[in-house]
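Observations on chain architecture
Chain residues, written in single-letter form:
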Amino acid sequence: MVPGVARHHPGGTTVPLRGCPALVPGCPILRPAHPWAGATAGVCGGRWGAPTGDTAAAVAEASPPRWLPPRPTQPARLLPTAAYRNRRPSSVRRPDWAPPPPTGMSGVRVNKAFKARYSRREADALVDAGRVAINGLRAYAGDRLHPGDVVTLDGREVAWERLAAPVVIDAAAVAAAAAEATTATAVVDVAVDDAAAPDAASGGGAADVDAALSAAAAAGGVGDMDRFTYLKLHKPVDVVTTTSAAVPNNILTCLADAGYAERERVFPVGRLDEATSGIILLTSDGSLVNAALGAGSACEKVYLVRTDAPVSDEHVDALRHGVVIRTVAQYARGKAPLAAPTLPCLVERASPPAGAAGAGGRDGPASACWLRVALREGRNRQIRKMLAAVGGYTVRAIHRVRFMGIGLERVPTPGEYALLDDAEMATVRAAIVRKAQRDAAAAADAAAAAATVANEVSLSLAS
């Protein structure tokens, strides 16, 4: 078939895709053997209609008059793909007339302007619906805010800078404070080794470094309690660690029942299973979540665990060195099963917590079935799977007594909450600063690797 020509009927007749003009003898588009080619005044009856006049008679003799239905006026629309149907609301395209976003990555994303009242997805939906404006112009997903920008929702101005404006950490001040604290700690260690100050070590070590980091961070606005909210909650059993109002027993309802009058929306730092009780932190500061849960944080979590039977010494030793468990790993493209050994951890026998007395396990009293487990990783249902893998034990209760060095002091009863005190905030600030230091070190390593590659490429080109 001639390119650009469509088959018109089973007899071999062809016409151009966009319709047939008045035909003349020797038409270069149609083949000479075509019945229409010899017509002197034949005209195609529309794009897909039947021919008329002498041409119709010639075609009728050549083949039965079986004509295709008329061509639709609009081209057929492609069916949406699964990726298009499942796209997130934030994929709304920016029109050509909209102002371009900032070229740099400074500032914060526009959806963070509403973190006091809305979740991230709810804020994305507000932006995509066209209800948000920045400096009088409609906002789009990916727009970034800078100090002084005026953000409005449905025409009403939003005070966004208190919660969403980024905190800038003075790296030089933090480094100087850490170096000074490290030097002081080294001096104390020498004194202890010389037996000149036997009690000096009680306030030294990592605690001094954390205190110095916290002081430098507080001076720079990190962990500002006037700006953000930091609290701890003694989570009861059967409370779900979610902020979704669709779940009746969500953690925010538990917090409200305890008498918390929210200044802004808070969210949990990590999660506890519904059947697990103990301490959990809630905050409106996203930097604390990244510092406590991000890669490399090594945040310690201490649990009291009750099993259905006393755990043997052999199994306790196996738990300390790590056992292979199967969990579901989260990747950028989805989830996948992962079978890997757990990290070495502290496991020791423990006494039952207050109020936990009761019947024993299948082989002994309750006091013999309790373990203290300190983890520095957070895999799904990790403790339950570790005990099941090592000896087929069933976990009867899990109670978290410490998270990131913060315990249940001042919240002894399930359902109680309290704002973090100065000592606990020092731990929080130190964790945030350490996360910033890790990020800075990673960025420096990436820049050095890129410079090395560029140098090698230039040398190879020169040679």
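Basis of the calculations
- Residues numbered from 1 in each chain as written.
- Predicted model: local features only at pLDDT ≥ 70, side-chain atom pairs only at ≥ 80, totals over all residues.
- Heavy atoms only, no water.
- Helix = DSSP H or I, 4+ residues; strand = E, 2+ residues; numbered from the N terminus.
- Buried < 20%, exposed > 50% of the residue type's maximum accessible area, 1.4 Å probe, protein only.
- Contact = heavy atoms within 4.5 Å.
- Areas by Shrake-Rupley, 256 points an atom, 1.4 Å probe, with all protein chains shown as cover.
- Patch = residues over 30% accessible without salt bridge, like charges linked within 9 Å, V, L, I, M, F, W, Y side chains within 5 Å.
- Salt bridge = Lys/Arg side-chain N within 4 Å of Asp/Glu carboxyl O.
- Lys, Arg positive; Asp, Glu negative; His and termini not counted.
- Charge placed at Lys NZ, Arg CZ, Asp CG, Glu CD.
- Polar contact = N/O pair within 3.5 Å; in protein donor to acceptor, adjacent residues only side chain to side chain.
- Expected span 1.5 Å × (residues − 1).
- Pairing = 2+ DSSP bridges.
- Core = buried A, V, L, I, M, F, W, Y, C linked by side-chain atoms within 4.5 Å.
- Phe/Tyr/Trp six-rings, centres within 6.5 Å; stacked < 30°, edge-to-face > 60°.
- pLDDT = per-residue confidence, 0-100.

Moving on: the overall build of the chain. Across its full length, the chain carries eleven helices and 19 strands. In the chain, buried positions account for 37% of the 463 residues. Summarising the internal contacts of the chain: among those between residues at least 6 apart in sequence, 64% fall at separations of at least 24. Counting every atom, the chain has about 26,000 Å² of accessible surface; 57% of that belongs to carbon and sulfur.

This part is about helix 8 (residues 286–293). Residues of helix 8 that are buried include every one of L288, V289, A291 and A292, and no others. Buried residues along helix 8 sit in contact with strand 9 (230–235), strand 10 (267–268), strand 11 (276–283), strand 17 (395–403) and helix 11 (422–462).

Let us now look at a positive patch on the surface. A grouping of R109, K112, R120 and R121 is seen on the molecular surface, where their side chains present a positively charged patch. Within the fold, K112 resides in the loop between strand 3 (108–109) and helix 3 (120–128). Residue classification places K112 among the partly exposed residues on the basis of a relative accessible area of 43%.

Attention now moves to the side chain of H399. Its location among the elements puts H399 in strand 17. Within the local environment of H399, its side chain forms a polar contact with the side chain of S277, the two groups lying 2.8 Å apart. Those residues in contact with H399 that sit more than four places away from it in its chain are H234, S277, G278, V302, Y303, L304 and L408.

Across its 41 residues, helix 11 extends 59 Å between first and last C-alpha, which sits within 8% of the 60 Å expected from 1.5 Å per residue. Where helix 11 starts, the residue carrying a side-chain oxygen 3.3 Å from the main-chain nitrogen of A423 turns out to be D421.

Across the sheet, four strands lie side by side as 5-4-7-8; this open sheet has antiparallel pairing. Of all the strands in the sheet, just strand 5 (137–138) and strand 8 (156–158) have a single pairing partner and so form its edges. In terms of strand pairing, strand 4 (residues 132–134) meets strand 5 through two bridges, oriented antiparallel. If you follow A133 over to strand 5, its bridge partner there is R138.

With that settled, the discussion passes to the pattern of salt bridges. The tally for this structure, following the rule as stated, stands at twelve salt bridges. Among the ionic pairs, D154 bridges to R131, the shortest N-O distance being 2.6 Å. Highlighted residues: D154 in the loop between strand 7 (151–153) and strand 8 and R131 in the loop between helix 3 and strand 4, separated in sequence by 23 residues. Linked through salt bridges whose partners overlap, the residues forming this network are K232, R410, D421 and E424.

This brings us to the nonpolar core. Counting residues in each nonpolar core, the largest one holds 30 residues, and the members touching the most others are L282, V305, L371, I383 and L387. At the level of secondary structure, the elements contributing two or more residues to this core comprise strand 9, helix 7 (251–257), strand 11, strand 12 (301–307), helix 9 (313–321), strand 16 (370–375), helix 10 (382–391) and strand 17. In contact with I383, not counting residues within four places along its chain, are Y303, V305, V373, L375, V395 and I398. If you look at the next biggest cluster of nonpolar residues, it comprises 23 residues, including V222, L281, A291 and V428.

For a regular strand, side-chain orientation follows a simple rule: the groups alternate between the two sheet faces. Of all eight residues making up strand 11, eight are buried, and the element is well covered by its neighbours. As defined by bridge partners, strand 9 adjoins strand 11 across six bridges and the pair is classed as antiparallel. Within the sheet, the bridge partner assigned to K235 lies in strand 11 and is G278. As paired strands, strand 10 and strand 11 are joined by two bridges and run antiparallel to one another. By the bridge assignment for strand 11, P268 is matched with L282. Summarising the sheet, strand 11 and strand 17 pair through three bridges and their orientation is parallel.

In this section: the pairing of strand 9. When you tally the buried positions in strand 9, you get six out of six residues, the bulk of the element. Side chains of strand 9 alternate between two faces, with Y230, K232 and H234 and L231, L233 and K235 buried alike. Pairing analysis gives three bridges linking strand 9 to strand 19 (residues 417–419), with the strands arranged antiparallel. Its bridge partner being in strand 19, K232 is matched across the sheet by A418.

Inspection of every chain in the model, using the stated rule, returns two aromatic pairs. Seen in terms of ring centroids, F228 and Y230 are 6.4 Å apart; in terms of plane orientation they differ by 75 degrees. Their pairing is edge-to-face. Relative accessible area serves as the criterion here: at 2%, Y230 is assigned to the buried category. Taking 5.6 Å as the distance between ring centres and 80 degrees as the angle between the ring planes, the aromatic pair formed by Y260 and Y417 counts as edge-to-face. Of this pair, Y260 sits in the loop between helix 7 and strand 10 while Y417 sits in strand 19, and the two are 157 residues apart along the sequence. The class for Y260 is buried, based on a relative accessible area of 13%. Taking the relative accessible area as the measure of exposure, Y417 reaches 26% and is therefore partly exposed.

We now examine the environment of I398. Note that I398 resides in strand 17. Separated by 15 residues in sequence, I398 and I383 have C-alpha atoms that sit 8.7 Å apart. In this view, I398 contacts A275, T276, S277, Y303, L304, V305, I383 and R384; residues no more than four positions away in its chain are not counted.

Glancing now at the confidence of the model for the chain. Residues at a pLDDT of 70 or more form 60% of the chain, whose mean pLDDT is 74. Overall, residues 185–203 carries pLDDT values under 50, and its contacts beyond four positions in sequence, including any with other chains, amount to ten contacts. This model gives residues 357–364 a pLDDT under 50, and the stretch forms 14 contacts once residues within four places in sequence are excluded.

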